[in-house]
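# Descriptive analysis of the structure
Chain by chain, the residues run as shown.
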Amino acid sequence: MDTEAVRSFVRAAELGQLRHAADELGVTQQAVSKRIAALERVLDVRLFNRTARGVELTLDGQAFLAHARNIVTDVDRAVAAIRRGSRALRIDVLGLRTAQAVILHDYWRSHPETALDVVTLKTDDPRVAVAAVQSGDVDASFRSVTDPDGLPPEVRMIHAFHSPLELVVGPRHPLAPARSVTPARLRGHRIWVPGIAPGSEWADFYDQLTTAFGLRVDAAGPNFGNEVLLDVLADSDDVATLVGSRDRYVWPAGHDLRRIPIVRPTLAYPLSLVLPRENPHPGLRAVLNHFASLAPLPEDTWLPSWATRPRGDDGPEAGHARRR
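Small disclaimer: the values here were computed from a predicted structure and weren't measured.

It is worth spelling out the overall build of the protein at this point. Broken down by element type, the protein carries 10 helices and 11 strands. Along the first, second and third principal axes, the C-alpha atoms of the protein reach 95 × 45 × 35 Å. Taking all 324 residues of the protein together, 43% fall into the buried category. A sequence separation of at least 24 residues applies to 71% of the contacts in the protein between residues at least 6 apart. In the form shown here, the protein has an accessible surface area of approximately 16,500 Å², with 50% of it arising from carbon and sulfur atoms. Side-chain charges of the protein comprise 39 positive and 40 negative groups, with the mean position of each set lying 3 Å from the other.

In structure tokens, the structure reads:
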């Protein structure tokens with residue numbers, strides 16, 4: 001069924017004149033007449049009687065009108081739900097407990113009028129996320145493409161914010177009493193980070209991190225989720241892990257886990273946002289301004305080589321990692 005024919009029928013029924021319906025719809029009176037005639041053929045009923053004053057609904061037309069209005073309303077709602085700028089801003093995050101989601105939640109709490117849809121694409125391949133932005137399935141994605149030259153021309157990658165790392169250990173770990181630790185103090189300790197997917201941005205991040213500081217980052221074994229990881233840390237005297245300082249984790253009080261800042265230098269994970277190069281969702285501007293308002297990192301922060309600089313131009317630009 002032609003929904004525009006249904007729309008023409010509804011407006012003609014409400015206005016009583018094909019000419020008035022045509023003027024409102026921005027088409028000719030002949031086009032409206034042809035649409036309604038085609039609809040009558042599909043339904044195999046007569047919807048209008050033509051009179052000297054215009055058109056009047058037949059009994060079948062009266063019966064069809066309420067349902068036709070619902071069809072037009074549903075079509076308009078469906079179009080609005082996917083039209084950029086009229087639907088909610090849809091942003092992909094790696095997980096709902098990550099710093100990405102936490103910062104977005106902070107933004108939404110201060111701007112509750114914002115229509116925001118936070119989704120998780122559940123893929124380790126940044127190319128899948130880039131394709132989702134390219135196709136319009138999401139308006140932006142918190143992904144970093146370690147080779148920005150490989151991005152399609154329709155999208156770009158910009159700096160969002162950096163997430164400082166913290167060490168998480170159980171109460172029996174040798175570093176548990178520390179108020180802060182340097183990367184040098186982490187050497188020789190087993191840092192277990194399950195779920196490092198080959199080819200992912202975080203795999204490259206940990207490769208560069210271990211090379212720069214001689215750390216032992218272990219991704220061995222299946223990834224049973226954060227709850228199991230936290231259980232292991234609580235019972236261990238030699239296993240630690242790394243998390244973002246803004247990542248949200250909850251564990252039983254009896255675990256007595258410690259989150260310890262890493263300093264001199266701070267180790268930070270760069271968070272970038274992939275978005276369309278042309279006509280991005282208008283709601284993104286305010287979100288990006290919120291990211292820019294976050295506290296800056298210390299001058300001696302270490303970043304991987306592919307980290308993007310804070311916004312200052314229109315294109316992705318490779319940042320310079322600071323290493324000590």
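Here the focus is the confidence of the model for the protein. Per-residue pLDDT for the protein has a mean of 88; in total, 93% of the residues score no lower than 70. Ranking the elements of the protein by mean pLDDT puts helix α4 (residues 59-82) last with 85 and strand β10 (residues 258-261) first with 97. In this model, residues 311-324 is a region of pLDDT below 50 whose contacts with residues beyond four sequence positions or in other chains number 41 contacts.

Turning our eyes to something else, we now look at the packing of aromatic side chains. This structure, assessed with the given rule, holds 10 aromatic pairs. Relative to W302, the ring of F213 has its centre 5.8 Å away and its plane inclined at 75 degrees; by these criteria the two rings are edge-to-face. Of the two residues, F213 is situated in helix α8 (residues 201-213) and W302 in the segment after α10 (284-292); the sequence distance between them amounts to 89 residues. Each member of the pair F213 and W302 is classed as buried. Taken together, the ring pairs in this structure connect F205, Y206, F213, Y269, W302 and W306 into an aromatic cluster.

What follows concerns the environment of L18. Residue position: L18 is located in helix α2 (residues 18-25). When its relative accessible area of 10% is taken as the criterion, L18 is described as buried. In sequence terms L18 and V32 are 14 residues apart; their C-alpha atoms lie 6.6 Å from each other.

Next up on the list: helix α1 (residues 3-15). Taking 1.5 Å per residue as the helical rise, α1 with its 13 residues ought to reach 18 Å, and the 18 Å between its terminal C-alpha atoms agrees with that figure. If you check which residues of α1 are buried, you get A5, V6, R7, S8, F9, V10, R11 and A12. Two or three places before E4, at the opening of α1, D2 has a side-chain oxygen 3.0 Å from that residue's backbone nitrogen. The positive-phi residue at the C-terminal boundary of α1 is G16, with phi of around 75 degrees.

What follows concerns helix α9 (residues 226-235). Of all the residues in α9, the buried ones are L229, L230, L233 and A234. With its buried residues spanning 135 degrees around the axis, α9 presents them on a single face. Of the exposed residues in α9, the ones pointing more than 90 degrees away from its buried face are E227 and D235. If you follow the buried residues of α9, they end up packed against β6 (155-169), β7 (190-192) and β9 (239-244).

Before going further, it helps to examine the side chain of S141. Positionally, S141 belongs in strand β5 (residues 140-141). On the accessibility criterion, S141 (0% relative accessible area) is buried. With near-sequence residues (within four places) excluded, S141 lies in contact with D92, A129, V133, S272, L273 and V274.

Axis separation between helix α5 (residues 99-110) and α10 bottoms out at 10 Å; the angle between their running directions is 110 degrees. Considered as vectors, α5 and α10 are oriented roughly perpendicular to each other. Crossing angle aside, the handedness with which α5 passes α10 is right-handed. Residue-level contacts link I103, L104, D106 and Y107 of α5 to A286, V287, H290 and F291 of α10.

Turning our attention to the pattern of salt bridges. For the coordinates displayed, the defined rule picks out 13 salt bridges. Residue E14 is joined to R69 by a salt bridge in which the shortest nitrogen-to-oxygen separation is 2.9 Å. Of this pair, E14 sits in helix α1 while R69 is found in helix α4, placing the two residues 55 residues apart along the sequence. Overall, the relative accessible area of 36% leaves R69 in the partly exposed class. Linking E56 and R53 is a salt bridge whose minimum nitrogen-to-oxygen distance equals 3.2 Å.

This part covers the nonpolar core. F142, L167, L209, L273 and F291 are the most contacted members of the largest nonpolar core, which has 45 residues in total. Broken down by secondary-structure element, the contributors of at least two residues to this core are β3 (89-92), α5, β6, α8, β9, β11 (268-276) and α10. It is β6 that contributes the most residues to this core, six residues altogether. Ignoring anything within four residues of it in the chain, the contact list for L209 reads L165, G214, L215, L242, L267 and W302. Counting residues in each nonpolar core, the second largest holds 18 residues, with V10, A22, I36 and F64 among its members.

Analysis parameters
Residues numbered from 1 in each chain as written. Predicted model: local features only at pLDDT ≥ 70, side-chain atom pairs only at ≥ 80, totals over all residues. Heavy atoms only, no water. Helix = DSSP H or I, 4+ residues; strand = E, 2+ residues; numbered from the N terminus. Buried < 20%, exposed > 50% of the residue type's maximum accessible area, 1.4 Å probe, protein only. Contact = heavy atoms within 4.5 Å. Areas by Shrake-Rupley, 256 points an atom, 1.4 Å probe, with all protein chains shown as cover. Lys, Arg positive; Asp, Glu negative; His and termini not counted. Charge placed at Lys NZ, Arg CZ, Asp CG, Glu CD. pLDDT = per-residue confidence, 0-100. Phe/Tyr/Trp six-rings, centres within 6.5 Å; stacked < 30°, edge-to-face > 60°. Expected span 1.5 Å × (residues − 1). Polar contact = N/O pair within 3.5 Å; in protein donor to acceptor, adjacent residues only side chain to side chain. Arc of directions from axis to C-beta. Axes fitted to C-alpha atoms, helices over the stretch in contact; angles between N-to-C directions. Parallel < 35°, antiparallel > 145°, perpendicular 65-115°, else oblique. Left-handed = near helix turned anticlockwise from the far one by under 90°. Salt bridge = Lys/Arg side-chain N within 4 Å of Asp/Glu carboxyl O. Core = buried A, V, L, I, M, F, W, Y, C linked by side-chain atoms within 4.5 Å.

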